Amino acid sequence: MNIVPTGRSLGATIGGIDLADLLSDSDFRTVLRALGQYGVLCFPGQSFETPAFAAFARRFGELEVNVANQFHEPDFPEIMILSNQVTPDGKPVGLNDAGQGWHTDMSYSREIALANVLHALAVPVRNGTSVGETQFRNMHAAYDELPESLKHTLEGRTATHDFEKFWEVMRQRPGSRRAKLTDEQKRRKPPVSQPLVRVHPLTGRNVLYANPGYTMWIDGMDRNDSDTILDYLFRHQERADFLYAHRWTVGDVLMWDNIGTVHNAIADYTLEEPRYMRRAQVMATLDYRSLVG
Ligand code: OGA
Ligand code: MN
């Protein structure tokens, strides 16, 4: 296995490993450490079917079945399909608007996610270059670069996150296929409070844990003050030096840290430019400190 950092704020490419084979214990720990260190890991040129893909992802923690799960691989409810494609009789084959806005997966969930794993089976290409990139921002760096006084203000504070916030933003977009969340879906993912600053289980360092997609307000604070601080934090996250954009190639397996990054999908492609990704949501269910310590 060889790890080549991008040299940017996030990202490394890992070659010399076939993810269709079960990872050895030492490779598993190396990947975990790299995930903490680089935030976004690309394993290029991977080819495996759903069972092996699911087995790879499951190594890192339990896999979540999405509360609004509509599109998944047959017999694998935990393996979602993201795609802009439709069948010949007009049925969508996947979720066509995943992640289009800055967010952190599962921040709306009591049990948070460690990572997200996508396998690119079709990537939109225009004039020889891939489009539909996925952007990331480094929340270790974002925390480190906060003014000391604000770090102090955030200390010990929590914020409320709500699945419905991002869902409604997406649902209001023209042409959205999303239905209003049912009471049952809302009951399964009620709003939750999360620390604004948390210790990352892989690095032991503080990260800023707030994202425009799901974060509603800072708990126990005047709403105007909360809005002002969250606005500041979301702008701060936009600093160019925190950004890394992944340009996809067919066969890429991309694994990203869902505690120490925020991400955003750029939908700059058309129906004639197919995109198809398998997706697994890895929950933070293992004792990562002891695995990387
Ligand atoms: C996700 C997501 C981004 C993309 O799967 O959680 O945000 O580029 N996807 O598909
Ligand atoms: Mn996402």
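Since we're looking at a predicted model, the values are computed, not measured.

**As for the layout of surface pockets**
Roughly 240 Å³ of internal volume is contained in the largest pocket. The wall of the largest pocket is formed by 13 residues, among which Asn96, Asp97, Gln100, Arg173 and Ala267 lie closest to the centre. Classifying every residue of the lining of the largest pocket gives five nonpolar, five polar and three charged.

**Structural notes on the sheet that holds strand β1 (residues 2-5)**
Taken in spatial order, the eight strands of this open sheet run β1-β2-β3-β16-β6-β18-β5-β4, and their pairing is mixed. Looking at strand neighbours, the two that pair on one side only are β1 and β4 (72-73), the edges of this open sheet. Contacts between helix α1 (residues 25-38) and the sheet are confined to β1, β2 (12-15), β3 (40-43), β6 (113-122) and β16 (253-257), with β3 contributing the most and set at about 130 degrees to the helix. Across the sheet, helix α2 (residues 50-58) lies against β3, β4, β5 (76-83), β6, β16 and β18 (276-283), angled at about 105 degrees from β5, the strand it touches most.

**Quick look at the site of ligand 1**
Near ligand 1 the following residues occur: Leu82, Gly99, His103, Asp105, Asn116, Leu118, Thr134, Trp256, His263, Ala265, Arg275 and Arg279. Asp105 has a polar side-chain atom sitting 3.0 Å from an oxygen atom of ligand 1. Relative to its free-state accessible area of 290 Å², ligand 1 is covered by the protein chains to the extent of 98%. Among the detected pockets, ligand 1 sits in the largest cavity.

**Quick look at α2**
All of the buried residues along α2 are Thr50, Phe53, Ala54, Phe56 and Ala57. Down the axis of α2, the smallest arc covering the buried residues is 160 degrees, so these residues share one side. Structurally, α2 contributes buried residues whose contacts are with β3, β4, β5, β6, β16 and β18.

**Re the packing of aromatic side chains**
Counted by the stated rule, this structure contains ten aromatic pairs. Ring centres 5.8 Å apart and planes at 70 degrees place the aromatic pair Phe48 and Phe53 in the edge-to-face group. With respect to burial, Phe48 and Phe53 carry one shared label: buried. Among the aromatic residues, those joined into a cluster by ring pairs are Tyr108, Phe163, Phe166, Trp167 and Tyr214. Positioned over the ring face of Phe28 is Arg59, at 4.7 Å from the centre of the ring. Against the face of Trp167 rests Arg178, its NZ or CZ located 4.6 Å from the ring centre.

**Some remarks on the sheet that holds strand β14 (residues 215-218)**
Reading across from one edge, β11-β10-β14 is the order of the three strands in this open sheet, with antiparallel pairing throughout. Every other strand in the sheet has two partners, leaving β11 (192-195) and β14 as the edge strands with one partner each. Neighbouring strand axes in the sheet, compared pairwise and without regard to direction, differ in orientation by 35 degrees on average. Here strand β10 (residues 158-161) pairs with β14 via three bridges, running antiparallel. Among the inter-strand pairings, Thr160 is bridged to a residue of β14, identified as Trp217.

**Re the environment of Pro124**
Topologically, Pro124 is positioned in the loop between β6 and β7 (125-126). Distance in space between the C-alpha atoms of Pro124 and Trp248 is 8.7 Å, their sequence separation being 124 residues. Setting aside anything within four residues of it in sequence, one finds Pro124 in contact with Thr129, Ser130, Val131, Tyr269, Glu273, Pro274 and Arg275.

What counts and what doesn't
- Residue positions are counted from 1 within each chain, in the order its sequence is given.
- Starting at A for chains and at 1 for ligands, labels are handed out in the order in which the entities are written.
- This being a predicted model, a pLDDT of at least 70 is required before a residue's local features are given, and a value of 80 or more before pairs of side-chain atoms are given or counted; all residues contribute to the totals for chains, interfaces and linings.
- Think of the side-chain values as coming from all heavy atoms in the structure, minus any hydrogens and water.
- Each cavity reported here is a set of points on a 1 Å grid over the protein atoms alone in which a 1.4 Å probe fits but cannot get out, each pocket an open set with protein on both sides within 12 Å along at least five of seven lines, and each lining residue one with an atom within 4 Å of a point.
- Grid points are joined across faces, edges and corners, and a volume is the space filled by probe spheres set on the points.
- Under the convention adopted here, Pro, Cys and the residues Ala, Val, Leu, Ile, Met, Phe, Trp and Tyr are nonpolar, Asp, Glu, Lys and Arg are charged, and Gly plus all remaining residues are polar.
- The criterion for strand pairing is that DSSP finds at least two bridges linking the strands in question.
- Here a helix means four or more residues in a row that DSSP labels H or I, a strand means two or more in a row labelled E, and each is numbered from the N terminus.
- Contact criterion: two residues are considered in contact whenever any of their non-hydrogen atoms come within 4.5 Å of each other.
- Axis geometry follows a simple rule: fit a line to the C-alpha atoms, using only the stretch in contact for helices, then measure angles between N-to-C directions, giving values from 0 to 180 degrees.
- Any residue with a heavy atom lying within 4 Å of a molecule or strand is counted as near it.
- Residues adjacent in sequence count toward polar contacts only when both atoms are side-chain atoms; beyond that, a polar contact is any pair of N or O atoms within 3.5 Å, and within protein one must be able to donate a hydrogen and the other to accept it.
- All accessible-area figures derive from a Shrake-Rupley calculation using a 1.4 Å probe, and residue coverage is judged against the displayed protein chains alone.
- The way we define it, a molecule is inside a pocket or cavity when more than half of its atoms are within 2 Å of that pocket's grid points.
- Burial here depends on accessible area, computed with a 1.4 Å probe over protein chains only, as a share of the maximum for the residue type. Under 20% is buried, over 50% is exposed, and the range in between is partly exposed.
- Working definition: the arc comes from the directions between the helix axis and the C-beta atoms, pointing outward to the latter.
- Here is the rule: rings of Phe, Tyr and Trp (six-membered ring for Trp) pair when centre to centre is within 6.5 Å. Planes less than 30 degrees apart are stacked, more than 60 are edge-to-face, and the remainder are tilted.
- Distance and angle both matter: a charge sits over a ring if NZ of Lys or CZ of Arg is within 6 Å of the ring centre and within 35 degrees of the ring normal.

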